[in-house]
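Chain and residue survey
Below, each chain spelled out in residue letters.
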Amino acid sequence: MIDGTIPRLAIKGLSKSFGGVRALSRADLTVDAAEIHGLLGKNGSGKSTLIKILSGFHAPDEGTLEIDGRPVSLPIPLGQSEAHGLAFVHQNLGLLADATVLENLIAGDHGRLNPWHINWRAEAARARVLFDEHHLRLDPGMAVSDLSPVKRAQLAIVRAADRVRAHQAHGGAGLLVLDEPTPFLPMEDVHELFAMMRRLTARGIGIIFVSHDIDEVMEVTDRATVLRDGHVIGSFVTAQTARAQIVEAIVGRSLTSDRIVQDLMLRSGPATHVQNLSGHTVRDITLSIAPGEILGLTGLIGSGYDEVPYLLSGAAPARSGHLDLSGDRHDLPRMTPTAAIDAGIALIPADRQKAGLALDLSLTENVTLPLLGRQMSGALLNHRRLADKTAAVMARFAVKAEAPGQAASELSGGNQQKLVLGKWLQLGPRLVLLDEPTQGIDVGARREIYDRIIELCAAGASVICATSEFEQLEMIAHRVLVFDRGRIKAELSGSNVTKSAIAEACYQESRSHASV
Amino acid sequence: MRLSDLAYQAERFGLVIVWIAVIAVFGALRPDTFLTWSNFSTIFGSEAVLVIVTLGLVIPLTAGDFDLSIAQTLTFTSMLTAIMSAKMGVALDVVIPVTLAAGALIGVINGTITLYFRVHSLIVTLGVGTFLHGVTLWISDSQTIGGVSPALMQYVIIQRFFGIPISFYYAIGLAALIWYGLAYTAFGQQLLFTGRGREVGRLTGVAVGRVRLISFVASGMMGAIAGLLYTGTTGSANPSSGTMLLLPAFAAAFLGATCIKPGRFNAWGSVVAVYFLVTGINGLSVLGFRTFVQDLFYGGALIVAVMVSQLISGRKERNL
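Residues numbered from 1 in each chain as written. Chains lettered and ligands numbered in written order. Predicted model: local features only at pLDDT ≥ 70, side-chain atom pairs only at ≥ 80, totals over all residues. Heavy atoms only, no water.

**Here we look at the overall build of chain B**
- Looking only at helices and strands, one finds 14 helices and two strands in chain B.
- Along the three orthogonal principal directions, the C-alpha set of chain B runs to about 65 × 60 × 30 Å.
- Expressed as a percentage of its 320 residues, the buried residues of chain B come to 53%.
- Put simply, 76% of the contacts in chain B that link residues at least 6 apart link residues at least 24 apart.
- Counting only carbon and sulfur atoms, one obtains 70% of the accessible surface of chain B, whose full area is about 14100 Å².
- Taking the 17 positively charged and 11 negatively charged side chains of chain B as two groups, their mean positions are separated by 8 Å. (Helix = DSSP H or I, 4+ residues; strand = E, 2+ residues; numbered from the N terminus. Buried < 20%, exposed > 50% of the residue type's maximum accessible area, 1.4 Å probe, protein only. Contact = heavy atoms within 4.5 Å. Areas by Shrake-Rupley, 256 points an atom, 1.4 Å probe, with all protein chains shown as cover. Lys, Arg positive; Asp, Glu negative; His and termini not counted. Charge placed at Lys NZ, Arg CZ, Asp CG, Glu CD.)

Given below as structure tokens:
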């Protein structure tokens, strides 16, 4: 920050707690005019809480905000942030794919549009001028669904920049918050996006660039601020800071190990092999897993690790690959959920609400669905026996609920997840695939779920656990594979499975970046 | 019994109680004409067709699909029956299987277009139904066709048990079959997950596409059975017979989902709903109201019943 100039945005002492847990603790942040400011931190570091306070989604417990030197009272009412010169582009971009570029561009532009008559010709002309100004070759009449991912991201950014322009009357050029806009873009497109960002700052607009990717932050930002466990660890002038220094600020140094899983025992029995697996993001992955082993898969957003459980269970179509499980070879492009279940594979999906449980239906109906036609005769259902089976699963997995007949929607997240585990583990699977098994679950229930997973391994099953939570892997994984842009980048095993080692492997400079 | 159980039982049997109350009120007002066995046996017999159409809708609705073509399936198969029997002199033991096969074929067409081309079933069945109505008008030359084999009438309306035409027992038999299928078979559970948690079902190994196709075939065949009974009830087929049944059948299916097994489309709830609606309409017409009360009652009763049922269950969001 150059002395004497008024920063575009100044946050002082911002704090926010959720149910006694400090998500953000006295955070300070200054963003200068015409600056690209990186915001870095792991999941749960307080990054998204900070962004959500700025966008008016959360009210802070304490703290102040100044924009262009003028104090702004918090919380900013939803929809008012643009009037203060703040605009947001979130990872999902907020575009309606079925609508045209022009319809998306003017959506929500209530301040300017005549609500009784939209002059489409004038709006299209205005859009063309706007796109020219930003060096964006885009036809206003095109459907957004026909645009490449980078064009969509650029459209969202141009729209945000256009919205804060009205604020220029107050004297400031505005500030854009770009929240993880890049994880699904190829490298050359990321550079196109960066060029657009630099053109925006050339007109005095400030940008907060939130990213997991240290290389991108190193490349495009002027300064960067690192958050960890709700605290601001420091702000760095990017050009004067070493990469390792930033990595250390993000990860921290942990002294105690949280490991709860025992070392892997060698067991007889064939290992499970996955060969040449390719899907939407992952390319040509080969991995193997021993009986009784918990294999963790992780990586940054968009690296593809979370795709693997779905490809192995036939829930999402694989492009190539095969799976050797207990002496049988399965061709993965032809795998179906039914074949996977029959082969002894269980998938516990991350989206509990949509893919894990039918929330309207009863616990019994949810738990016994995989038994019908398998362990239970399909001709006549004995409701008492089904309820007894369910009660047994509920007891074994400590599901707290009133009765097997109640709707699954009435259970807490932790109990729902224990029920999903019970639904699948009662089948005695040989390979269990977990995707974010403890998402949105409180600490106590987490521990119970870890214990069940470890028990399962002790009984000789193999477990693959895809997660973005490094602590979780440190606690339960025997071995961890770190993914980067669809490929396995690093492997950690035994006592090397620590959250800081995993984080370092994730943030390590990747080959694709180095080659650019 | 706890209060919540009591509320649940009230919800389950609320419509039955209201139905009895409606009978009591009309009975008190017109004991001689309304409250007679002959009046009730007429209601039970003549509305069997509506019961079967409603039951036919329950199957795809449970699987999360609409079958708007079911009423025109009825019209078309009714006309097919009349033409084969009266015009072509085909024997009943050929007419019946051909008619059922026609219904099944319509189901296959609905299901194939919905699943293969991934078009919403509402659009597909609207189109197929309208198309079928055109076919019906074409093959009948827009005329009512009479002279159907008396044997069909014999097996539908003339034979009676306890004074009620045999068609009523067909409807009850089908209701029992669907109740059993939904409540006691693995297929019923698969149907339910296909409608209420399609992704959960798919990941648990339910062949959701096949389940949906079967549900369309089942509703097509129910439409054909309703068509046979319609022709048997009147001894003739008219080219607009089903048109007036579609909305009452949907009203009854949704109304039925508020009772017996609240929150789910169910067979006995549908039967109760149909007979509640037609009892009300019959009573109003006995009191001398004219035909406009039909639609007032079908529509008004549906809206009032779903509002009351939502109030009882605490206005929680329901995804039928």
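**A closer look at the interface of chain A and chain B**
- Listed per partner, the contact involves 28 residues of chain A and 20 residues of chain B.
- Around 2100 Å² of area is buried between chain A and chain B when both sides are counted, 60% of it from carbon and sulfur atoms.
- Broken down residue by residue, the surface that chain A buries against chain B is led by A:Asp360, A:Leu361 and A:Leu369, which jointly contribute 26%.
- Counting across the chain A and chain B interface gives two salt bridges.
- Across the pair B:Arg264 and A:Glu365 runs a salt bridge whose closest N-O atoms are separated by 2.7 Å.
- Viewed at the interface, chain B and chain A are joined by five residue pairs in polar contact (both at pLDDT 80 or more).
- For the side of chain A that touches chain B, the elements supplying multiple residues, two or more each, are helix 9 (337-342), helix 10 (352-356), helix 11 (363-368) and helix 13 (413-425) of chain A. (Buried area = accessible area lost by both parts, 1.4 Å probe. Salt bridge = Lys/Arg side-chain N within 4 Å of Asp/Glu carboxyl O. Polar contact = N/O pair within 3.5 Å; in protein donor to acceptor, adjacent residues only side chain to side chain.)

**Side note on the pairing of strand 11 (residues 272-278) of chain A**
All names here are of chain A.
- Sheet topology note: the strand 11/strand 12 (residues 285-289) ladder contains four bridges and is antiparallel. What sits directly across from Thr-272, in strand 12, is Ile-289.
- Pairing of strand 11 with strand 14 (residues 320-325), which is carried by four bridges, proceeds in the antiparallel orientation. Bridge assignment links Ser-278 to a residue of strand 14, and that residue is Ser-320. (Pairing = 2+ DSSP bridges.)

**Quick notes on the pairing of strand 19 (residues 479-484) of chain A**
All names here are of chain A.
- Of all six residues that make up strand 19, six are buried, and the element is covered over most of its length.
- Neither face of strand 19 is exposed, since Arg-479, Leu-481 and Phe-483 on one face and Val-480, Val-482 and Asp-484 on the opposite face are all buried.
- Sheet topology note: the strand 13 (residues 294-299)/strand 19 ladder contains five bridges and is parallel. In the sheet register, Gly-299 faces strand 19, and the bridge partner there is Phe-483.

**Quick look at the domain arrangement of chain A**
- We note that the domain assignment places domain 1 (9-251), domain 2 (254-344 + 430-516) and domain 3 (358-427) within chain A.
- Computed over C-alpha atoms only, the centres of domain 1 of chain A and domain 3 of chain A are separated by 45 Å. (Domains from an automatic or database assignment.)

**Examining the confidence of the model for chain A**
Residue and element names in this part refer to chain A.
- The predicted model of chain A has a mean per-residue pLDDT of 86, with 93% of residues at 70 or higher.
- Here helix 17 (residues 511-514) stands out as the element of chain A with the lowest mean pLDDT, 44, in contrast to helix 8 (residues 308-312), whose mean of 96 is the highest.
- With pLDDT under 50 throughout, residues 511-516 is counted as low confidence; its partners more than four residues away or in other chains account for nine contacts. (pLDDT = per-residue confidence, 0-100.)

**Examining the nonpolar core**
- Within the largest apolar cluster, 99 residues are counted, with the highest numbers of intra-cluster contacts made by B:Val49, B:Leu55, B:Leu255, B:Tyr275, B:Phe276 and B:Leu277.
- Counting 66 residues, the second-largest nonpolar core is a separate cluster that includes A:Leu95, A:Ile106, A:Met197 and A:Cys506. (Core = buried A, V, L, I, M, F, W, Y, C linked by side-chain atoms within 4.5 Å.)

**What to know about the packing of aromatic side chains**
All names here are of chain B.
- Going through the model one piece at a time under the given rule, you end up with 16 aromatic pairs over all chains.
- Here the aromatic rings of Phe-161 and Tyr-169 are separated by 5.7 Å at their centres, their planes lie at 85°, and the arrangement is edge-to-face.
- Seen in terms of ring centroids, Trp-179 and Tyr-184 are 5.6 Å apart; in terms of plane orientation they differ by 75°. Their pairing is edge-to-face.
- Residue class for Tyr-184 comes out partly exposed when judged on its relative accessible area of 25%. (Phe/Tyr/Trp six-rings, centres within 6.5 Å; stacked < 30°, edge-to-face > 60°.)

**Concerning the sheet that holds strand 1 (residues 9-18) of chain A**
Residues and elements named next belong to chain A.
- Sheet architecture is open: four strands sit in the order 2-1-4-5, paired in antiparallel fashion. With one partner strand each, in any of the chains shown, strand 2 (21-31) and strand 5 (70-72) form the two edges of the open sheet. Within this sheet the neighbouring strands show an average axis-to-axis angle of 25°, counted without direction.
- With seven bridges joining them, strand 1 and strand 2 adopt antiparallel strand pairing. Looking across to strand 2, one finds that Ala-10 is bridged to Thr-30.
- Running over the sheet, helix 1 (residues 47-54) touches strand 1, strand 2 and strand 4 (62-67) and is turned about 115° from strand 1. (Axes fitted to C-alpha atoms, helices over the stretch in contact; angles between N-to-C directions.)

**Brief notes about helix 4 (residues 70-87) of chain B**
- Here helix 4 of chain B is 18 residues long and its end C-alpha atoms lie 25 Å apart, about the 26 Å a rise of 1.5 Å per residue gives.
- Of all the 18 residues making up helix 4 of chain B, 16 are buried; the element is thus mostly covered by neighbouring parts of the structure. (Expected span 1.5 Å × (residues − 1).)

**Some remarks on the sheet that holds strand 12 of chain A**
All names here are of chain A.
- Taken together, four strands build an open sheet; the order of strands is 12-11-14-15 and the sheet is antiparallel. Edge positions in the sheet fall to strand 12 and strand 15 (328-331), since each has one partner strand and no second. The sheet shows a mean angle of 15° between the axes of neighbouring strands, taken without regard to direction.

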